[in-house]
Amino acid sequence: MATLTDAKRLVVKIGSALLVDRVTGLLRSDWLHSLAQDVAWLKDHGSDVVLVSSGSIALGRGVLRLSSSDLPLEQSQAAAAVGQIRLARAYEEALAPHGITTAQVLVTLEDSENRRRYLNSRATLETLLGLGVVPIVNENDTVATDEIRYGDNDRLAAQIAVTAGADQLILLSDVDGFYTGNPVEDSSATRFDTIETITPEIESMAGDAGSGLSKGGMKTKLLAAKMATAAGCDMAITEGSVMNPLKSLHEGANSTWFKAKLDPHAARKRWISAMKPRGEITVDAGAARALASGKSLLPAGIVNVGGDFGRGDPVAIQDQDARRLGQGLCRYTAKEADAIKGRRSSEIEETLGYPGRAVMIHRDDLAL
């Protein structure tokens, strides 16, 4: 259905049951090395790759010899603290022979709900990917409690896909797609090759979680699909336990693709345009021309700042005749923006007393 090598940016979700042997509690090293081969193959074709990986608690509980049943919060967090080191090292050792540098990124639900943290996460991922790094993302289980948890890595992977502006999200699962019913219990259940729209009928077909190591089920995968496709990202569910699972998907392995209506760039612009602005920024003629040509907004082109907005808030952009040019997510507060308006980026630190970002509104956060 889809060609992975055509994707500019992929997010791949790996569940605990794929990465950790359920009986021994040990890492499936051969499988991980085959995944690393797939990642190297994708990068050789020019694709950015982000891995959203479970496994820290599963690995840690084995080291600490904790029960295989549900753990109290404190023991889960202790297992995560021990396992996260081993998980990061495993990915580093698997990808290093291919000349790939890895980075560990730990997040919580708060990081996506808080616009300031969201922008920080987006900027960090963008910088890492620009440097050719493969980020390994996981929920920060050592600090997250129920109030700030995603709770499953399907939705976390979808949020990372949205944050990173990915055009494909691959959920490596213990099933080979989305079925009309549970294929284990219903022999007449059939698999969808493609789902264009998630209807109430489709939602009614979703079941609950499967394996003992996994928290997710088809319901969470549908939620992930809704989030991803709304942001312009196609999503696939496919069997992940096979060797070289990404190459298998590329070569036609069973899967279900959920199709996005827009590309990630257009979807993000629509999202930004729909926000209620918290303030306004007036720009000079030179800045207006630069914006129209696809440039970011720099402090030097700003002549006036109005409103009371925080970092990451949407602000309207207008020219000196009060004509609306668009709006974007500002990387400074209203007070900071007012202090550095008209100044060169090299003067920001001297003006504010601390280092700042070179642009006021990045072109990726701008809708004209």
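Quick caveat: nothing in here was measured; it's all calculated off a predicted structure. (Residues numbered from 1 in each chain as written. Predicted model: local features only at pLDDT ≥ 70, side-chain atom pairs only at ≥ 80, totals over all residues. Heavy atoms only, no water.)

### Description of the overall build of the protein
Across its full length, the protein holds 14 helices and 13 strands. Projected onto its principal axes, the C-alpha positions of the protein cover 65 × 45 × 40 Å. Within the protein, contacts between residues separated by at least 24 positions form 72% of all contacts whose residues are at least 6 apart in sequence. As displayed, the protein offers around 17100 Å² of accessible surface, 47% of which is attributable to carbon and sulfur atoms. Counting 41 positive and 47 negative side-chain charges, the protein places the centres of these two groups 5 Å from one another. (Helix = DSSP H or I, 4+ residues; strand = E, 2+ residues; numbered from the N terminus. Contact = heavy atoms within 4.5 Å. Areas by Shrake-Rupley, 256 points an atom, 1.4 Å probe, with all protein chains shown as cover. Lys, Arg positive; Asp, Glu negative; His and termini not counted. Charge placed at Lys NZ, Arg CZ, Asp CG, Glu CD.)

### With respect to the pattern of salt bridges
Any two side chains of opposite charge can pair if their charged atoms end up close together. Summed over all chains, the structure comprises 14 salt bridges. Put simply, Asp-193 and Arg-191 hold a salt bridge, and the shortest N to O gap is 2.9 Å. A salt bridge links Asp-234 to Lys-259; the nearest nitrogen and oxygen atoms lie 3.0 Å apart. Of the two residues, Asp-234 is situated in strand E7 (residues 234-239) and Lys-259 in the loop between strand E8 (255-258) and helix H11 (264-273); the sequence distance between them amounts to 25 residues. For Asp-234, a relative accessible area of 15% translates into the label buried. The class for Lys-259 is buried, based on a relative accessible area of 17%. (Salt bridge = Lys/Arg side-chain N within 4 Å of Asp/Glu carboxyl O. Buried < 20%, exposed > 50% of the residue type's maximum accessible area, 1.4 Å probe, protein only.)

### Observations concerning the nonpolar core
Within the largest apolar cluster, 35 residues are counted, with the highest numbers of intra-cluster contacts made by Val-11, Ile-160, Leu-169, Phe-178, Met-235 and Phe-258. Contributions of two or more residues to this core are made by strand E2 (48-53), strand E3 (102-107), helix H6 (115-130), helix H7 (153-164), strand E5 (168-173), helix H9 (218-230) and E7. Looking at which element gives the most residues to this core, the answer is H7, with 6 residues. Counting 34 residues, the second-largest nonpolar core is a separate cluster that includes Val-49, Leu-87, Tyr-91 and Ile-100. (Core = buried A, V, L, I, M, F, W, Y, C linked by side-chain atoms within 4.5 Å.)

### Things to note about the packing of aromatic side chains
Think of a pair of aromatic rings as described by two things: how far the centres are apart, and how the planes are tilted against each other in angle. What the rule picks out here adds up to 3 aromatic pairs. Arranged with centres 6.1 Å apart and planes meeting at 70°, the rings of Tyr-118 and Trp-271 form a pair that is edge-to-face. With a gap of 153 residues between them, Tyr-118 in helix H6 and Trp-271 in helix H11 connect regions that are remote in the sequence. In textbook terms, an aromatic cluster arises when at least three aromatic residues are bridged by ring pairs, as seen for Phe-178, Phe-192 and Phe-258. (Phe/Tyr/Trp six-rings, centres within 6.5 Å; stacked < 30°, edge-to-face > 60°.)

### Points about helix H2 (residues 29-44)
The terminal C-alpha atoms of H2 lie 22 Å apart, and with 16 residues this matches the ideal 22 Å at 1.5 Å per residue to within 8%. Listed as buried for H2 are Trp-31, Leu-32, Ser-34, Leu-35, Ala-36, Asp-38, Val-39, Ala-40, Trp-41 and Leu-42. Following H2 by one or two positions, Gly-46 adopts a phi angle in the positive range, close to 90°. (Expected span 1.5 Å × (residues − 1).)

### Quick look at the packing of helix H3 (residues 56-64) against helix H4 (residues 73-95)
One way to put it is that H3 packs onto H4 with a least axis distance of 6 Å and a crossing angle of 100°. Our classification of the angle between H3 and H4 gives roughly perpendicular. Contacts from Ser-56, Ile-57, Leu-59, Gly-60, Arg-61, Val-63 and Leu-64 of H3 reach H4 at Ser-76, Ala-78, Ala-79, Ala-80, Val-82, Gly-83, Gln-84, Arg-86 and Leu-87. (Axes fitted to C-alpha atoms, helices over the stretch in contact; angles between N-to-C directions. Parallel < 35°, antiparallel > 145°, perpendicular 65-115°, else oblique.)

### Brief notes about the confidence of the model for the protein
Taken residue by residue, the protein gives an average pLDDT of 89. The fraction at 70 or more is 93%. Taken together, the stretch residues 209-216 has pLDDT below 50 and engages in 19 contacts with residues farther than four places along the chain or on a different chain. (pLDDT = per-residue confidence, 0-100.)

### Focus: the pairing of strand E1 (residues 9-14)
Summarising burial for E1: 6 of the 6 residues are buried, a large majority. Both faces of E1 are covered, namely the face carrying Arg-9, Val-11 and Lys-13 and the face carrying Leu-10, Val-12 and Ile-14. As paired elements, E1 and E2 share 6 bridges and run parallel to each other. The residue of E2 that forms the bridge with Lys-13 is Val-52. Alignment of E1 against E5, held across 5 bridges, turns out to be parallel. Each bridged residue has a counterpart across the sheet, and for Leu-10 the counterpart in E5 is Gln-168. (Pairing = 2+ DSSP bridges.)

### Structural notes on the side chain of Lys-13
With respect to the secondary-structure elements, Lys-13 resides in strand E1. Side chain to side chain, Lys-13 and Asp-154 meet in a polar contact 3.1 Å long. Residues in contact with Lys-13, not counting those within four places in the same chain, are Val-52, Asn-153, Asp-154, Ala-157, Ile-170, Leu-171 and Leu-172. (Polar contact = N/O pair within 3.5 Å; in protein donor to acceptor, adjacent residues only side chain to side chain.)

### What to know about the sheet that holds E2
Read from one edge to the other, the open sheet built from 8 strands follows the order E3-E4-E2-E1-E5-E7-E8-E6, with strand pairing classed as mixed. Single-partner strands in this sheet number two, and they are E3 and strand E6 (194-195). Here E7 runs beside E8; their pairing, made up of 4 bridges, is antiparallel. Counted as the bridge partner of Ile-237 is Thr-256 from E8. In the packing of H9 onto the sheet, contacts are made with E5, E7 and E8, and the angle to E7 comes to roughly 150°.

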